[in-house]
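One letter stands for each residue in the lines below.
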Amino acid sequence: MMKQNIPMKWVGLGLATTATAVLAVPALRRPLISKLMLKVVRSLGFMPKISPTERAALRSGDVWVEGDLFSGNPHWPKLRTQPYPQLTSEEQAFIDGPVEELCKRVNDWDVWQTKDLPPEAWNYIKKERFLGMIIPPEYGGLGFSALAHSEVIMKLASRSVPLAITVMVPNSLGPAELLIHYGTQKQKDYYLPRLAQGIEIPCFALTEPEAGSDASSIQSEGIVFKGDDGKLYLRLNWNKRWITLAAISTVLGLAFRLKDPENHLGKGEDVGITCALIPTQTPGVQVNRRHDPLGVPFYNSPTQGHDVIVPIENIIGGADRAGQGWTMLMQSLAAGRGISLPAESTGGAKSIARIVSAHSAVRKQFGMSIGQFEGIAEPLARIGGYTYIMEAARRYTCGALDQGIRPSIVTAIAKYQFTELARKIVNDGMDVQGGIGISRGPRNLLANAYIATPISITVEGANILTRTLMIFGQGALRAHPYALKVFESVENNDLRAFDHTVWSHLGHFAKNIGRVIGFELSRGYFAFGAPKNSLYRYYQKLNWASAAFAVLADTAMFSLGSRLKSQEKLTGRFADALSWMYLGTAVLRRYEAEGFRKEDRPLLRWSMDHTLYQIQNALSGILMNFSAPVIGPLFRGPLYWLSELNPLGTPPSDEDEIKIAALMQKPGEQRDRLFGGIYVPSDSSEPFARLEAALDAEVRSLPILRKIKRAVKERRITKKPSSLLYRDALDLNIITSTEFSQLRRADELRHEVIQVDDFSLDDYRRKAA
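Residues numbered from 1 in each chain as written. Predicted model: local features only at pLDDT ≥ 70, side-chain atom pairs only at ≥ 80, totals over all residues. Heavy atoms only, no water.

Considering the overall build of the chain
- Of regular secondary structure, the chain possesses 32 helices and nine strands.
- Each principal axis of the C-alpha atoms in the chain carries an extent, and together these give about 125 × 90 × 45 Å.
- For the chain, the proportion of its 769 residues judged to be buried stands at 57%.
- Roughly 33300 Å² of accessible area belongs to the chain as shown, and the carbon and sulfur atoms make up 54% of that amount.
- Counting 91 positive and 78 negative side-chain charges, the chain places the centres of these two groups 6 Å from one another. (Helix = DSSP H or I, 4+ residues; strand = E, 2+ residues; numbered from the N terminus. Buried < 20%, exposed > 50% of the residue type's maximum accessible area, 1.4 Å probe, protein only. Areas by Shrake-Rupley, 256 points an atom, 1.4 Å probe, with all protein chains shown as cover. Lys, Arg positive; Asp, Glu negative; His and termini not counted. Charge placed at Lys NZ, Arg CZ, Asp CG, Glu CD.)

Next comes the structure, spelled out in structure tokens:
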């Protein structure tokens with residue numbers, strides 16, 4: 001019998017068919033491939049170790065639009081239609097009434113000299129329930145939306161940083177926020193009305209000498225014990241620092257580790273982090289000292305507790321909530337980070353934009369306004385562009401919060417990026433103002449904000465930590481469509497779940513590789529899902545960015561595994577890319593929501609060009625510094641140079657920067673709209689009011705000056721100092737008497753606003769003391 005040879009092509013086809021069947025059929029794939037994969041992953045310790053506190057943070061908050069950006073394929077119909085909120089009539093009335101009035105009652109220079117708000121301001125804050133903005137009306141609070149809360153802080157911050165901090169802290173992470181969500185009914189009924197009316201002044205004590213950014217490592221301790229009356233009590237000892245309002249507080253929210261040696265609560269000996277309310281008059285409580293945070297005069301203090309005894313009922317939420325403190329704090333921060341500091345930063349940015357642009361138009365050197373120099377136009381454009389981005393993201397983020405969404409990754413992005421951009425804005429502002437910016441006194445409108453800037457960088461999660469550990473570190477698991485599910489399946493040794501999620505993850509990865517190749521070849525034009533409007537090119541590039549980001553993130557997770565957690569320079573760059581994708585999305589949402597205003601187009605272009613350029617830099621940095629074997633050289637070599645030859649974004653154009661600088665120096669509807677929502681005094685005794693008046697007078701004088709310059713050029717009059725030149729122009733009927741008065745008035749105002757403060761030696765010594 002002859003032996004028949006089977007053609008190799010049929011052998012290959014058979015093997016391919018078998019492999020396809022194994023991969024495609026879970027019942028075959030699971031025991032033959034996935035079981036081995038799961039065993040290897042578990043044995044090698046490939047997944048990062050996550051502590052209980054990290055797990056609580058991961059479970060806190062919600063995934064919102066960052067999930068789309070992380071996916072590699074954003075769903076623009078969803079992202080473009082997220083609410084762009086507006087104030088209610090009642091909220092607007094509060095902004096225009098009590099907030100405006102409170103700003104009038106506070107002089108920032110005086111606050112810095114006396115180290116406190118004036119008594120009339122404190123009384124007004126309590127009377128108008130500023131400390132109860134987040135407390136529901138049924139408890140006597142204002143019950144404001146996230147947007148209204150943000151608008152109040154933004155306006156107060158434009159007037160005085162200490163004022164804004166004083167109001168924002170009780171409305172952020174603290175007793176009121178925790179009571180609303182977790183308090184017992186008895187606790188709510190007693191404390192919330194008193195907090196709303198300012199009868200109680202709250203603070204919240206979290207940070208300790210050994211627990212700063214790693215707040216979960218707190219050592220403050222509470223011991224459960226049974227009293228002689230048979231009731232349960234807490235014996236508390238703590239040493240906290242940097243606690244805002246502690247020195248004047250009447251009720252202190254305390255985070256501590258709860259121990260229950262006799263298991264009275266039935267939760268074991270080590271119950272965990274717990275939050276309780278401690279009246280500051282309780283024996284053993286010390287709140288009588290004060291820190292000096294860069295001289296910024298808000299109450300920030302240490303506090304200690306020595307054998308402080310309170311009933312078990314003082315635990316927020318009662319004994320049932322014992323041990324749940326960390327989760328409560330993380331849930332609260334998931335929302336609060338998106339309101340207070342972003343609002344404070346935006347208020348500062350808008351006021352700096354107005355102050356520095358007015359100064360640039362009014363201040364003259366070499367015979368012209370300094371705002372006409374391109375060297376000044378560059379920082380002015382940055383101030384305007386960053387402020388446009390911040391306002392877009394502020395409102396976009398508040399839209400999510402007002403839907404009841406608590407997007408923990410987005411609010412971390414907001415906290416980090418807003419405070420960093422505010423730092424850049426105030427630095428640019430100081431550069432433009434020069435000597436006027438560094439000469440302190442009542443006339444100086446920037447120095448106090450400049451001094452206070454590092455505080456917002458530091459609080460609510462220091463920015464270095466937020467960038468390198470939180471935004472991508474948590475986002476990689478929280479916002480990724482599959483990563484957390486894969487992690488949990490490995491941790492639980494769940495083969496069925498692992499098989500489903502890991503192969504779904506690999507399929508997702510393969511699809512994104514295909515997208516990236518298509519986008520790289522077409523420069524994003526293959527992003528057919530981009531909206532068909534005048535912004536489509538920006539949407540296409542964000543699609544391109546999202547796909548590239550997703551592929552790099554998955555590659556990092558696959559190749560580095562648990563090592564990725566400690567490669568913070570890499571995770572920081574991933575955080576930058578994700579952050580700027582979010583900010584770019586917010587900018588596009590703003591431009592559409594505001595009706596595609598043609599006059600704002602330079603700001604749109606600058607913002608999006610800058611956004612895409614920042615994403616490009618972040619992704620290039622990842623490629624250039626990727627250290628995994630085999631893949632690293634590929635990334636650092638051909639893929640890096642391909643990205644440089646075919647960039648996603650380039651810096652904003654000089655032409656747009658000059659246009660932005662010009663529109664910032666022009667009084668009118670656009671300037672008021674772009675840099676509105678802040679306190680702009682009308683009293684002519686105020687330096688800010690005089691500066692705005694000088695800008696208006698300067699711009700009104702320009703047509704008159706052009707007539708005089710034309711007359712000089714035509715040799716009808718001789719060039720000489722301005723006061724003499726104006727008189728000659730009047731005498732020769734080149735200008736009218738009204739125009740002559742306008743020029744004189746503009747010169748008087750200009751001369752006034754460029755003056756700086758000085759002090760007698762004795763006054764200066766007293767001020768320093």
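As for the pairing of strand β4 (residues 251-259)
- In terms of burial, β4 is a largely internal element, seven of the nine residues being buried.
- Sheet topology places strand β1 (residues 202-205) next to β4; four bridges connect them, and they run parallel. Paired with Ala205 across the two strands is Leu254, which belongs to β4.
- Relative to strand β5 (residues 270-279), β4 is paired through nine bridges, and the arrangement is antiparallel. Pairing of Arg257 across the sheet is with Ile273, part of β5. (Pairing = 2+ DSSP bridges.)

Side note on the packing of helix α25 (residues 601-624) against helix α26 (residues 631-645)
- Two elements in contact, α25 and α26, have axes whose closest approach is 8 Å; the angle formed by their N-to-C orientations is 160 degrees. Relative to α26, the element α25 is oriented roughly antiparallel. Crossing angle aside, the handedness with which α25 passes α26 is left-handed. Contact residues: α25 offers Gln616, Ser620, Leu623 and Met624, while α26 offers Phe635, Arg636, Leu639, Tyr640, Ser643 and Glu644.
- Across the contact of α25 with α26, the residue classes break down as five nonpolar, three polar and two charged. (Axes fitted to C-alpha atoms, helices over the stretch in contact; angles between N-to-C directions. Parallel < 35°, antiparallel > 145°, perpendicular 65-115°, else oblique. Left-handed = near helix turned anticlockwise from the far one by under 90°. Contact = heavy atoms within 4.5 Å. Nonpolar A, V, L, I, M, F, W, Y, C, P; charged D, E, K, R; others polar.)

Digging into the packing of aromatic side chains
- According to the stated counting rule, one finds 22 aromatic pairs in the structure shown.
- Pairing Phe472 with Phe549 gives two aromatic rings, centres 6.2 Å apart and planes at 90 degrees, and the pair type is edge-to-face. Of this pair, Phe472 sits in the loop between α19 (463-471) and α20 (475-478) while Phe549 sits in helix α23 (residues 536-560), placing them 77 residues apart in sequence.
- With 4.8 Å between their ring centres and 55 degrees between their planes, Phe626 and Phe635 make a pair best called tilted. (Phe/Tyr/Trp six-rings, centres within 6.5 Å; stacked < 30°, edge-to-face > 60°.)

Digging into the nonpolar core
- Among the nonpolar cores identified, the biggest contains 120 residues, and Phe472, Phe549, Phe574, Leu578, Tyr582 and Ile615 are the most heavily contacted of them.
- Broken down by element, this core gets its largest block of residues, 14 residues, from α23.
- Not counting the four nearest positions on each side in its chain, Tyr582 is found in contact with Trp64, Val65, Leu69, Ala393, Tyr396, Thr397, Val410 and Ile413.
- With 66 residues, the next largest nonpolar core counts Leu117, Ala157, Trp238 and Val287 among its residues. (Core = buried A, V, L, I, M, F, W, Y, C linked by side-chain atoms within 4.5 Å.)

Some thoughts on helix α15 (residues 374-401)
- Helix length check: α15 (28 residues) gives 40 Å between terminal C-alpha atoms against 40 Å at 1.5 Å per residue, within 8%.
- For α15, the buried fraction is high: 24 of the 28 residues fall into the buried class. (Expected span 1.5 Å × (residues − 1).)

Considerations on a nonpolar patch on the surface
- A grouping of Tyr525, Phe526, Phe528 and Tyr536 is seen on the molecular surface, where their side chains present a nonpolar patch of about 470 Å² in accessible area.
- Structurally, Tyr536 can be placed in helix α23. (Patch = residues over 30% accessible without salt bridge, like charges linked within 9 Å, V, L, I, M, F, W, Y side chains within 5 Å. Salt bridge = Lys/Arg side-chain N within 4 Å of Asp/Glu carboxyl O.)

Thoughts on the pattern of salt bridges
- Applying the stated criterion to the full structure yields 43 salt bridges.
- For the salt bridge of Arg673 with Glu599, the shortest nitrogen-to-oxygen distance reads 3.5 Å. One end of the pair, Arg673, is in helix α28 (residues 669-674); the other, Glu599, is in the loop between α24 (568-593) and α25, with 74 residues separating them in the sequence.
- Overall, Glu599 belongs to the partly exposed group, its relative accessible area being 34%.
- A single network of salt bridges, built from pairs that share partners, joins Glu151, Lys350, Glu391, Arg394 and Arg395.

Examining the environment of Ile405
- The topology assignment puts Ile405 in the loop between α15 and α16 (408-433).
- Along the chain, Ile405 and Ala335 lie 70 residues apart, while their C-alpha atoms are 8.1 Å from each other.

Focus on the side chain of Glu344
- Along the chain, Glu344 turns up in helix α14 (residues 340-362).
- The charged side chain of Glu344 is buried without a salt bridge, its nearest counter-charge being Lys415 at 9.2 Å.
- Non-local contacts of Glu344, meaning those with residues more than four positions away in its chain, are made with Ile153, Ala157, Val161, Ile165, Met168 and Ser456.

Brief notes about a positive patch on the surface
- A cluster of basic side chains, namely Arg706, Lys709, Arg710 and Lys719, defines a positive patch on the protein surface.
- Along the chain, Lys709 falls in helix α29 (residues 687-713).
- The class for Lys709 is exposed, based on a relative accessible area of 59%.

Quick look at the side chain of Ser546
- Relative to the elements of secondary structure, Ser546 occurs in helix α23.
- The buried category is assigned to Ser546, whose relative accessible area is 0%.
- Polar side-chain contacts of Ser546 include one of 3.2 Å to the backbone nitrogen of Gly72.
- What Ser546 contacts, discounting residues up to four positions off in sequence, is Asp68, Leu69, Gly72, Asn73, Pro74 and Met581. (Polar contact = N/O pair within 3.5 Å; in protein donor to acceptor, adjacent residues only side chain to side chain.)

Topic: α19
- Turning to α19, its buried residues are Asn463, Leu465, Thr466, Thr468, Met470 and Ile471.
- Of the surrounding elements, those touching the buried residues of α19 are α16, α18 (447-458), α20 and α24.

Focus: the packing of helix α9 (residues 146-159) against α15
- Interhelical geometry of α9 versus α15 gives an angle of 145 degrees and a closest axis separation of 8 Å. For the pair α9 and α15, the contacting residues are Ala146, Leu147, Ser150, Glu151 and Met154 in the first and Glu391, Arg394, Arg395, Cys398 and Leu401 in the second.
- Split by residue class, the contact of α9 with α15 holds five nonpolar, one polar and four charged.

Some remarks on unusual backbone geometry
- Even without a glycine there, the phi angle at Leu294 is positive, about 60 degrees.
- Within the chain, Val630 stands out as a residue other than glycine whose phi angle is a positive 65 degrees.
- Considering the arrangement of structural elements, one finds Val630 in the loop between α25 and α26.
- With a relative accessible area of 72%, Val630 lands in the exposed category.

Observations concerning the state of the cysteines
- Taken as a whole and assessed by the stated rule, the structure comprises zero disulfides.
- Its sulfur unpaired, Cys103 is 18 Å from the next cysteine sulfur, which belongs to Cys398. (Disulfide = S-S within 2.5 Å.)

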